[in-house]
Each structure stands twice: as structure tokens, then as C-alpha cells.
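Chain by chain, the residues run as shown.
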Amino acid sequence: GSKLEDSSSSFSVVNCASIRDVVANAEPLPSSKSDQEHGSILRRLLNLNNEKQDTTGLIRRFEPSGGKLFVMDKDRAMSKAWLGANSLLGGRAVRCLHQVTGEEYPPMRAIWYEVNDALYEPILGYASPSYGSSLDAADARRQEVKGVLDFIHEGITGGEAVVVHCRLGTNRSAVVAAAYLMIYHRVTCQEALSLMEARGPSSMVVRQPAFTEQLLRLEREILLRSREVAVGHWRDLYQEWTDPALGLDQQEGEDGGDGGGIGLPAASDFMQRKFASQQHITQAVADAAGVPSAVEARTAAEKGARG
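Residues numbered from 1 in each chain as written. Predicted model: local features only at pLDDT ≥ 70, side-chain atom pairs only at ≥ 80, totals over all residues. Heavy atoms only, no water.

Asks: Report on the packing of helix 9 (residues 209-226) against helix 10 (residues 269-277), specifying residues and quantitative values.
Replies: Two elements in contact, helix 9 and helix 10, have axes separated by 9 Å at closest approach and are oriented at 160°. In terms of axis orientation, helix 9 runs roughly antiparallel to helix 10. Seen along the crossing, helix 9 lies across helix 10 with a hand that is left-handed. Residues Pro 209, Thr 212, Glu 213, Leu 215, Leu 216 and Glu 219 of helix 9 form the contact with helix 10, whose participating residues are Met 271, Gln 272, Lys 274 and Phe 275. (Axes fitted to C-alpha atoms, helices over the stretch in contact; angles between N-to-C directions. Helix = DSSP H or I, 4+ residues; strand = E, 2+ residues; numbered from the N terminus. Parallel < 35°, antiparallel > 145°, perpendicular 65-115°, else oblique. Left-handed = near helix turned anticlockwise from the far one by under 90°. Contact = heavy atoms within 4.5 Å.)

In C-alpha cells, the structure reads:
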């Protein structure tokens, strides 16, 4: 399991010039019951710094169905009182974290997507050996995430409220929600992330480069297929979204290259800048949060295969 999932509220971060630098490296679990409703202390400081108003996490309402997409943290997703007060108990939930024995969530129609908040996690099914994710691991995730996205879409088109959450509502749930908006509703990645930063639980989302790379490659695949079809479902993507290696050899934002034999269009300037801006913190994130580096992840995988 991911060490980020089980990280404690105590940590050591060095060379951080601002609160943004601290949050970029580590964000602890709420330290008391009073913090649980509003998120961690660091997030509260960041939001105060940004003058961000607290919201219910409603990212978008869809017409004509009336379906609603929410992104939130684990604490709110576990609060029957809060969910009931916001008329969400009759809806659906996508739980982007690992099940923990003894934890009880309010009764909702729910699906689990047990992904790790880790550099080696191919959350959207794109293999990335540089971060330690193999083709086999990515292919397995791709099969899972297709079902997750369809589950969300069924709820939205049926007029239901759909809650997508992870531990903090900033990485795993944000990636899944962004992918849904991009594929099914032709929302750009920049627009999707901006919506979540404005309306979700934190003003900073998708703060680790491996997840940003997953979204960048999805954006490029959508751009590729949009030349021929109006993308509105994962089945509209290249070979019905079955190639976890697509774009693997094209990480410089250029057309051509191998990429499974398909020349992908360049990603948006926004995504290229976001991905580039996170490169220098890749190891800092791993060191601060205890996430294995790509080399360590590959070494562990090799040892497991031999064992």
C-alpha cells in the first residue's frame, strides 16, 4: 500500500520558503476532530492565504439531467451528518483509496478504486517506467478506471449526485474527476483543474508529477482522436483506450516519435508548464512523504518478481 495513505501527522520538511512549498512537499492528516471538518492545518493556512471560501465540493451541475459532480476529502465522505445536510446520501460515491478494516461509510451506492497516492501509480492506465509503473500494471488500472468512469457517468446522466473522494481530495480524486470531465464532457484539463481548485477542498490539486503526466497523456490522446470524432466516451479514444504505452516515447510535447506507432499532438501549454514545474520536486515529494523513487519502485518490483 502507499505510504502516503498511512502517513502520520508529523513530518520534517526542509528548505521550504513559503506555505506553498510546505504543502507541495507534505500535507498531514487532520490532527483533531475540530480539524477534520475543514481539512488539515496546512490546507487551512493555504486556503486562508489564497482567500479561498469553503464550499461543499460541488464541481459542476450537468443539464438537462441535473446530475452533480462533487470532489471532497475522506472526512466529509465519512460524515453521515454532513452528507445528509447536503442531500448527498441518496447519491453515488467513488472511493479512490484503500479500504480499511473497521471504517464505516454512510450508506451510498459506492465503488472502490483502490489506487495509491504514489509516483509509481498509473492511475489512468498509462505506463510510465520512469516512475516505476509497468505496462501490465497500467493495463490492469486501465480496465478498472473505465468501469469507474462509466459508474460516474451513469449517475450523472441519471440525475444523481456523485461524490469522488480520496484522503484529502487533492490528488487521486482530482485526477479521476478531471479525466471524467475531459473524456465525457469535452472540458479541457486546465478548465477541469481550475474548477476543482475553485470549488473543491483545496486550492492546489494534482501536486505530484506522475499524476500530472497521466493527465497530460490523456489530453494528448483526446486531441488526437478529436481530429476524427467528437470524443464523448472512453470508447471514442484510440483503440477504445486500450494502449497503455500510447505517448510513452513522446514526453517532450512534440508530434511524431514512437508512442505505439501513433504521432500524438502536443499537449497544451498549461499542461506542459505544470508538468515541467513539478520535475524539481519529484524527489522532494518522495523523500518528504516516504514514497519510493522510480528506481526504488523498480528494484522492489524486480525483487518481488524473483521472490
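Asks: Help me get a handle on the pattern of salt bridges, residues and values and all.
Replies: Following the criterion strictly, the structure yields 7 salt bridges and no others. The shortest N-O distance in the salt bridge between Arg 141 and Glu 144 comes to 2.8 Å. Pair noted here: Arg 141 and Glu 144 are both in helix 6 (residues 135-157), with a separation of 3 residues, about one helical turn. The exposure class of Arg 141 is buried, given its relative accessible area of 14%. (Salt bridge = Lys/Arg side-chain N within 4 Å of Asp/Glu carboxyl O. Buried < 20%, exposed > 50% of the residue type's maximum accessible area, 1.4 Å probe, protein only.)

Asks: Could you give me a rundown of the packing of helix 6 against helix 7 (residues 172-185), with the residues and numbers involved?
Replies: Any two packed helices are characterised by how steeply their axes cross, that is the angle between the axes, and by the distance between the axes. Where helix 6 meets helix 7, the axes come as close as 10 Å, and the angle between the chain directions of the two elements is 70°. As summarised for this structure, helix 6 and helix 7 are arranged roughly perpendicular, according to the angle between their axes. The two elements helix 6 and helix 7 cross, and the hand of that crossing is right-handed. Contact residues: helix 6 offers Val 148, Leu 149, Asp 150, Ile 152, His 153 and Ile 156, while helix 7 offers Val 176, Ala 179, Tyr 180, Ile 183, Tyr 184 and His 185. The class makeup of the residues in the contact of helix 6 with helix 7 is 9 nonpolar, 2 polar and 1 charged. (Nonpolar A, V, L, I, M, F, W, Y, C, P; charged D, E, K, R; others polar.)

Asks: A description of the packing of aromatic side chains should follow, citing residues and the corresponding values.
Replies: Across all of its chains, the model carries 4 aromatic pairs by this definition. Aromatic pair Tyr 105 and Trp 112: ring centres 5.5 Å apart, planes at 85°, arrangement edge-to-face. Classification of Trp 112 by relative accessible area gives partly exposed; the value is 25%. Ring geometry for Tyr 126 versus Trp 241: centroids 6.5 Å apart, planes at 65°, classification edge-to-face. Here Tyr 126, found in the loop between strand 4 (109-112) and helix 6, pairs with Trp 241, found in the loop between helix 9 and helix 10; they are 115 residues apart in sequence, far enough to count as distant. (Phe/Tyr/Trp six-rings, centres within 6.5 Å; stacked < 30°, edge-to-face > 60°.)

Asks: Describe the sheet that holds strand 2 (residues 68-72), with residues and values.
Replies: The 5 strands are arranged 1-2-5-3-4 in an open sheet whose pairing can be described as mixed. Each of the sheet's edge strands pairs with one partner strand only, and the pair in question is strand 1 (58-61) and strand 4. Geometrically, the sheet is characterised by an average inter-axis angle of 15° between neighbouring strands, direction not taken into account. With 5 bridges joining them, strand 2 and strand 5 (residues 161-165) adopt parallel strand pairing. (Pairing = 2+ DSSP bridges.)

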